[in-house]
Amino acid sequence: MRTEECLPIVVFVPRGTKTYAAARSIRALQRLGVDASIVHEDELAREIVRVHRPLWLLRAGAWPLALPHRPPPSATGRTLLALGATHAEPRWTEILARTGGDLTRATELPRIDSAIVDEPHRLAHRLSATRAFDEACAELAIATATRTVRFPRLDVGYFAGLRVVEVVTTLHRGGAERVVLDLVRELRVREAHVTLAVLDAASRATFPTPAGTVDLTASGSTRAARIDALGSLAHEEHADVVHLHLVDGAEIQKLAAACDVPLALTLHNDRPGWAARTTELGPDHVALVFGCSSDVARAFADACPSLASRTRVAWNGIAEHSSPRDHVSLREELDIPEGAVLLLSVANHRPQKRLEQIPAVVASLVRRGVDAHAVLIGEPVSKDPVALAVAASVDAAAAEHGVTERVHLAGTRDDVAPLYAAADVVVTTSAFEGLSLVQLEAMRARKPLVTTAVSGTADIAAFHPGAVHRVDVDASADAFADAVRAALPGAPERLASAFASSAMGARYAALLARAAPPPRRTSGIVLVANNFATGGAQSSARRLLLGLRARGVDVSAVVVQEQAGHPTAGREALVRAGIPVFAAPRAGAVDPLVTAEAVARFVDRAAPSAVVFWNVITQHKVLVAELLAGTPVWDVSPGEMYFASMDRYFEKPRAGHPVREARAYGRLLEGAVVKYAAERAQAESVLGVPVHVVPNGVPLGASRPLRSSGDRLVVGTLARINPDKKLEELVRAVAHLARRDPDLARRLDVRIAGAVEEGCEPYLEELRALAFGLPITFVGEQPATAFLRDLDLFAMISEPSGCPNASLEAMAEGLAVVATDVGGAREQIAHGETGFLVGRGDAEALGDAIASLALQPERRAAVGAAAHARIRALFSVERMVADYARLLLGEDAADAAVA
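On a predicted model such as this, the values are computed, not experimentally measured, just so you know.

Enquirer: If you had to explain the overall build of the chain to someone new, which residues and values would you point to?
Expert: Counting secondary structure elements, the chain contains 34 helices and 34 strands. Overall, the C-alpha framework of the chain stretches about 105 × 95 × 45 Å when taken along its three principal axes. Here the chain holds 899 residues, and 58% of them are scored as buried. Split by element, the accessible area of the chain, about 35,300 Å² in all, is 51% carbon and sulfur. Within the chain, one finds 97 positive and 106 negative side-chain charges whose respective centroids are separated by 5 Å.

Enquirer: Can you break down the pattern of salt bridges residue by residue, with the values?
Expert: Any two side chains of opposite charge can pair, given that their charged atoms come close. The tally for this structure, following the rule as stated, stands at 53 salt bridges. In this structure, Arg605 engages Glu43 in a salt bridge whose closest nitrogen and oxygen atoms are separated by 2.9 Å. With Arg605 in helix 20 (residues 592–606) and Glu43 in the loop between strand 2 (37–40) and helix 2 (44–48), this pair connects stretches of sequence that are 562 residues apart. Taking relative accessible area as the criterion, Arg605 reaches 29% and is therefore assigned partly exposed. Note on Glu43: relative accessible area 25%, which makes it partly exposed. Its salt-bridge partner being Asp200, residue Arg226 comes within 3.0 Å of it at the nearest N-O pair. Note that Arg226 is positioned in helix 7 (residues 223–236) and Asp200 in the loop between strand 10 (193–198) and strand 11 (213–215), a separation of 26 residues in sequence. Residue classification places Arg226 among the buried residues on the basis of a relative accessible area of 10%.

Enquirer: Tell me about the side chain of Asn531, and please be specific about residues and values.
Expert: Assignment of secondary structure puts Asn531 in the loop between strand 22 (525–529) and helix 18 (536–550). Side-chain polar atoms of Asn531 contact the side chain of Gln538, separated by 3.0 Å. A distance of 3.1 Å separates polar atoms of two side chains, one belonging to Asn531 and the other to Gln561.

Enquirer: Tell me about the sheet that holds strand 19 (residues 425–428), and please be specific about residues and values.
Expert: Within a sheet, each strand pairs with its neighbour through backbone hydrogen bonds, oriented either parallel or antiparallel. The parallel open sheet is built from six strands, whose spatial order is 18-17-16-19-20-21. Each end of this open sheet is capped by a strand with a single partner; those strands are strand 18 (407–411) and strand 21 (468–471). For this sheet, the mean inter-axis angle between neighbouring strands, taken without regard to orientation, is 25°. As defined by bridge partners, strand 20 (residues 449–452) adjoins strand 21 across four bridges and the pair is classed as parallel. Bridge pairing links Leu449 to Val468 in strand 21.

Enquirer: So what about the sheet that holds strand 5 (residues 79–83)? Which residues, and what values?
Expert: As summarised here, the arrangement of the six strands in space is 2-1-3-6-5-7, forming an open sheet in which the pairing is mixed. Edge positions in the sheet fall to strand 2 and strand 7 (146–150), since each has one partner strand and no second. The sheet shows a mean angle of 25° between the axes of neighbouring strands, taken without regard to direction. In the sheet, strand 5 pairs with strand 7 via five bridges, with the strands oriented parallel. The residue of strand 7 that forms the bridge with Leu81 is Thr148.

Enquirer: Help me get a handle on the packing of aromatic side chains, residues and values and all.
Expert: Where two aromatic rings form a pair, the distance of their centres and the angle of their planes describe that pair. In this structure the tally under the stated criterion is ten aromatic pairs. Aromatic pair Trp274 and Phe300: ring centres 5.8 Å apart, planes at 65°, arrangement edge-to-face. Of this pair, Trp274 sits in the loop between strand 13 (263–267) and strand 14 (288–291) while Phe300 is found in helix 9 (residues 294–303), placing the two residues 26 residues apart along the sequence. Like Phe300, Trp274 is buried. Note on Tyr642 and Phe643: the rings are 5.0 Å apart at their centroids and 85° apart in plane angle, and the pair reads as edge-to-face. Here the two residues Tyr642 and Phe643 agree in accessibility, since each one is buried. Chaining the aromatic ring pairs together yields one cluster made of Trp315, Phe463 and Phe499. A cation over an aromatic ring shows up here: Arg163 above the ring of Phe159, its NZ or CZ 5.4 Å from the ring centre.

Enquirer: Give me unusual backbone geometry: which residues, what numbers.
Expert: Unlike most non-glycine residues, His238 shows phi in positive territory, near 50°. Relative to the elements of secondary structure, His238 occurs in the loop between helix 7 and strand 12 (241–245). Of note in the backbone geometry, Arg277 takes a positive phi value of approximately 65° without being a glycine. Among the secondary structure elements, Arg277 is positioned in the loop between strand 13 and strand 14.

Enquirer: Summarise the pairing of strand 17 (residues 372–377); cite the residues concerned and give the values.
Expert: Burial runs high along strand 17: six of the six residues are buried. Where burial is concerned, the two faces of strand 17 agree: the one with Ala372, Ala374 and Leu376 and the one with His373, Val375 and Ile377 are both buried. Where strand 16 (residues 341–346) and strand 17 come together, six bridges link them in parallel fashion. Across the sheet, the residue bridging to Leu344 is Val375, located in strand 17. Read as a crossover between parallel neighbours, the route from strand 16 over helix 11 (residues 358–367) to strand 17 is right-handed. Taken together, the four bridges between strand 17 and strand 18 define a ladder with parallel strand orientation.

Enquirer: A description of the pairing of strand 10 should follow, citing residues and the corresponding values.
Expert: The element strand 10 is largely enclosed, with a buried count of five among its six residues. In the sheet, strand 9 (residues 163–168) pairs with strand 10 via six bridges, with the strands oriented parallel. In the sheet register, Arg163 faces strand 10, and the bridge partner there is His193. On the question of chirality, the crossover connecting strand 9 to the parallel strand 10 by way of helix 6 (residues 175–189) is right-handed. Where strand 10 meets strand 11, three bridges bridge the pair, whose relative direction is parallel. The residue bridging Val198 from the neighbouring strand is Asp215, located in strand 11.

Enquirer: Break down the packing of helix 18 against helix 33 (residues 877–889) for me, with residues and values.
Expert: Helix 33 packs onto helix 18 with a crossing angle of 75° between their chain directions and a minimal axis gap of 9 Å. Taken together, the axes of helix 18 and helix 33 lie roughly perpendicular to each other. Listed contacts from helix 33 to Ser540, Arg543, Leu544, Gly547 and Leu548 of helix 18 are Val877, Met880, Val881, Tyr884 and Ala885. Each residue belonging to the contact of helix 18 with helix 33 can be placed in one class, and the counts come to seven nonpolar, two polar and one charged.

Enquirer: For the state of the cysteines, give the residues involved together with the corresponding values.
Expert: In protein chemistry, a disulfide is the covalent bond that joins the sulfur atoms of two cysteines. Here the structure, examined in full by the defined rule, presents zero disulfides. Unpaired in terms of disulfides, Cys304 finds its nearest cysteine sulfur in Cys292, a separation of 16 Å. Among the residues examined, Cys304 registers a relative accessible area of 3% and is labelled buried.

Enquirer: An account of the nonpolar core is needed here, citing residue identities and associated values.
Expert: By size, the foremost hydrophobic cluster in this structure holds 120 residues, and its most contacted members are Val167, Leu230, Val242, Leu244, Leu344, Phe499 and Leu512. Here Leu244 is in contact with Val167, Leu230, Ile252, Leu255, Leu263, Ala264, Leu265 and Thr266, once residues within four sequence places are set aside.

Enquirer: Lay out the side chain of Thr19 in plain terms, naming residues and giving numbers.
Expert: For Thr19, the position within the fold is in helix 1 (residues 19–31). Among the residues examined, Thr19 registers a relative accessible area of 16% and is labelled buried. Separated by 2.5 Å, the side chains of Thr19 and Asp604 make a polar contact.

Enquirer: Any chance you could break down the environment of Glu280 for me, citing the residues and the numbers?
Expert: Relative to the elements of secondary structure, Glu280 occurs in the loop between strand 13 and strand 14. On the accessibility criterion, Glu280 (47% relative accessible area) is partly exposed. Leaving out residues up to four positions away in the same chain, Glu280 has contacts with Gln253 and His285.

Enquirer: Please set out the environment of Pro857 residue by residue, giving values where relevant.
Expert: Mapped onto the elements of the fold, Pro857 is located in helix 32 (residues 857–874). Residue Pro857 is classed as buried on the basis of its relative accessible area of 13%. Each C-alpha atom, one on Pro857 and one on Leu713, is 9.9 Å from the other, the two residues being 144 residues apart in sequence.

Enquirer: Which residues make up the environment of Ala584, and what are the values?
Expert: Tracing the backbone through its elements, the reader meets Ala584 in the loop between strand 24 (581–583) and helix 20. Counting along the chain gives 71 residues from Ala584 to Ala513, while the straight-line C-alpha distance between them is 21 Å. If we ignore the near neighbours within four places in the chain, the residues touching Ala584 are Val558, Val559, Glu562, Thr595, Ala598 and Val599.

Rules and cut-offs
- Counting starts from 1 at the beginning of each chain's written sequence and moves along it residue by residue.
- Local features in a predicted model are, by the rule used here, given only for residues with pLDDT of at least 70; side-chain atom pairs are given and counted only at 80 or more, and totals for whole chains, interfaces and linings are based on all residues.
- Side-chain numbers here rest on the full set of heavy atoms in the structure, without hydrogens or water.
- Secondary structure is summarised from DSSP: a helix means a run of H or I of at least four residues, a strand means a run of E of at least two, and numbering begins at the N terminus for each.
- Summary of the burial criterion: residues with accessible area below 20% of their type's maximum are buried, those above 50% are exposed, and those between are partly exposed, where the area comes from a 1.4 Å probe applied to protein chains only.
- For every accessible area listed, the method is Shrake-Rupley and the probe measures 1.4 Å; residues are considered covered only by the protein chains on display.
- In this tally, Asp and Glu contribute negative charge and Lys and Arg positive charge; neither His nor the terminal groups of the chain are included.
- Each charge is placed at NZ for Lys, CZ for Arg, CG for Asp and CD for Glu.
- In what follows, salt bridge is the name for a side-chain nitrogen of Lys or Arg lying within 4 Å of a carboxyl oxygen of Asp or Glu.
- Between N or O atoms, a polar contact is any pair within 3.5 Å; within protein, one atom must be a potential hydrogen donor and the other a potential acceptor, and residues adjacent in sequence are included only when both atoms are from side chains.
- Pairing between two strands is assigned when DSSP locates at least 2 bridges connecting them.
- Comment: axis = line fitted to C-alpha atoms, over the contacting stretch for helices; angle = value between 0 and 180 degrees taken between N-to-C directions.
- Only Phe, Tyr and Trp rings are paired, with Trp represented by its six-membered ring, and only when their centres lie within 6.5 Å; those with planes under 30 degrees apart are stacked, over 60 edge-to-face, the remainder tilted.
- Comment: the charge-over-ring label is applied if NZ (Lys) or CZ (Arg) is within 6 Å of the ring centre and within 35 degrees of the ring normal.
- With its strands directed away from the observer, a crossover is right-handed exactly when the path from the first strand over the helix to the second travels clockwise.
- Relative orientations are named as follows: roughly parallel for angles under 35 degrees, roughly antiparallel for angles over 145 degrees, roughly perpendicular for angles from 65 to 115 degrees, and oblique for any other angle.
- The contact criterion used throughout is that any non-hydrogen atoms of two residues lie within 4.5 Å.
- Gly falls in the polar group here, along with every residue not listed as nonpolar (Ala, Val, Leu, Ile, Met, Phe, Trp, Tyr, Cys, Pro) or charged (Asp, Glu, Lys, Arg).
- We call a pair of cysteine sulfur atoms a disulfide when they lie within 2.5 Å.
- The term nonpolar core refers to a set of buried residues drawn from Ala, Val, Leu, Ile, Met, Phe, Trp, Tyr and Cys, joined through side-chain atoms within 4.5 Å.

Structural data, given as structure tokens:
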């Protein structure tokens, strides 16, 4: 600490402040050689009330202009409140001009971003849930015991929004460069502070240079010197993120080593078009990687698995509308008959575009009786040897196929709208792409597109069914010609809003803001669940949280289906145990993105080392996982309903959202957990990520004595009353048993315990009707332990398949269990030793198994004792908690937590 008086520093985070703001302030302080703690505004009073020496308070998002020291004490003997002015803030300029810096009598102060408080407890006493920092400071400033002055060494800069340095190699006229320029504009529209940095001198025609562009070629003749200058620029701009385009992977590594600002990278092409050494990047180099299409993002995740969970899709976008133009002039200019079919290709003359294939397509159409012409728009060939060679190959191909007068190289055009208006079909023959702006322009012009099936085309086709005609990359000219004929006539729908430049800007703005991770990381875990209502999954979640807390792990939870003011009993129990539970805006009451953003903000504040999804609605967990780049996210499957709900969601995913398949979701995850081994292969196939097996665990009850054979035989089951649970099979099993052995049936007392789920009341009535005349009682929701202790035998329909807690809890109480052989039941129950398994849906076999154990009390007791021992060995809560601690925190972290 180099401040003269070793002042403690607190960066306070007002409510609603973005994560990147606190990170910005911490980086600025660290560059000055000092550290600070981060305190949220609603915790500030509690944190500073016991501080008995001067304290420097800095608003998150501010950066000091100099390293301050403690101001001299006031000659008046009063306690000192020293304030820093905020650079370029008009209200500070006005008040300083009026007061000269003596603020003791100022009746109204500007926003306070930097302050040294001599006696922090005086400020703490003025802070409350309703009185924010500025209000408390203003009240302290006018107190008779306070001397309030402006102290220049406390002056700061401040910006509320995102600060981005966009970096591109040149502003050549090309798709990637156009995206960068549109992105700069869109981010500025969203009130981000954007500096565009250009690394290299142009070698061909360029786009106009926007305001706020820094030409780094003036910083040195070598690329290495310009990369160094880029790092300095990021520091000078107090950037929250440096967003790189087309930059070499080794240069990104060099920048990451020298620059403390998070780096993000956008890949504008498929793998053959990536800059050198891109695949050598890792988590130490970039915080986020964007693929301009789903295919590009998938290719990068496959090439760099360590960055898969930090890779996102950000579709290219274009303006939604273009001004219509008269297209007659183009046909007249090129002497193309009005009735001819005009194929349009818009591409820079590069080998990747394979323009030399177009003449063969024209020739094939002519042979089929189509009066076809092709117009090729691209870089003027006289300026580039590569472009010159491409143009020559097109001319040669046209001559070879006898269509020289039908293939027109029309050079570059500034206004492409009339070109698309004149076209009948837009054709692209590329060997590879990222997500072509030309193809989006075709959709905007409502022209059919015939294209090779390169990256990005599947995304466009998904939103414009019938408008995109894809052929194999190696398709013949005849196959292209057939696709052109199939596309005529075409009148596609308008450009999908997902590919508008405004949508692109909004997505980048949201995700770039997430590039800076929370400035601190604990060894904690945040568990996200739908709710903590009664149920097996909820019971396991509570046991896990309580068990981890007992091991010294900082745990908290989030629920997305509970109202904040109406907690479930399970949530109340966690809060009583000292575990914070945040109720996000309730799913179903607000847009899922609102809920997801609130969850992400809670996670940012908790700063855990891992987030666990525990039975969360698919759309919500997809959106949350997208936002949590840099935070390891794990998804825990409760069984077959997990996959069924995922299938339903991805049949109709969120409109305009790029995560449109289960594997794309899987790439956002650090890994997944299943609760029984047989489910592992399915999860790996569906999600494509590492999958671990962690069975549920339950508390071990006391072993039970053998009940008298003369007693009534009490058989029970625990299950929520829901058609998914298929309780009618148990009713049919009892009916079969009653027909087989009426004397035994008269001794039976079958109890079904469980709450009726909302909307399932008719199902309960169906069950009651089916059970009429049978020894079956519906006893409602019961405490599990007390209910089980009154039983002689437990029967269970293992539906839907998973790792049911009900059977484990029964075994833990020393009960023999008869269950249907579904999901994890086979791994819980050793058939014939710790219980009995019967075929799925075989009600008669279930009844026979119940009868067998009912008639053999000694065997029933032996099976129950073996079940009790199996729980102790394999399914204890302690084992489950230890497994999750190792998985989520790492072996060393888990052991440290225990110690």
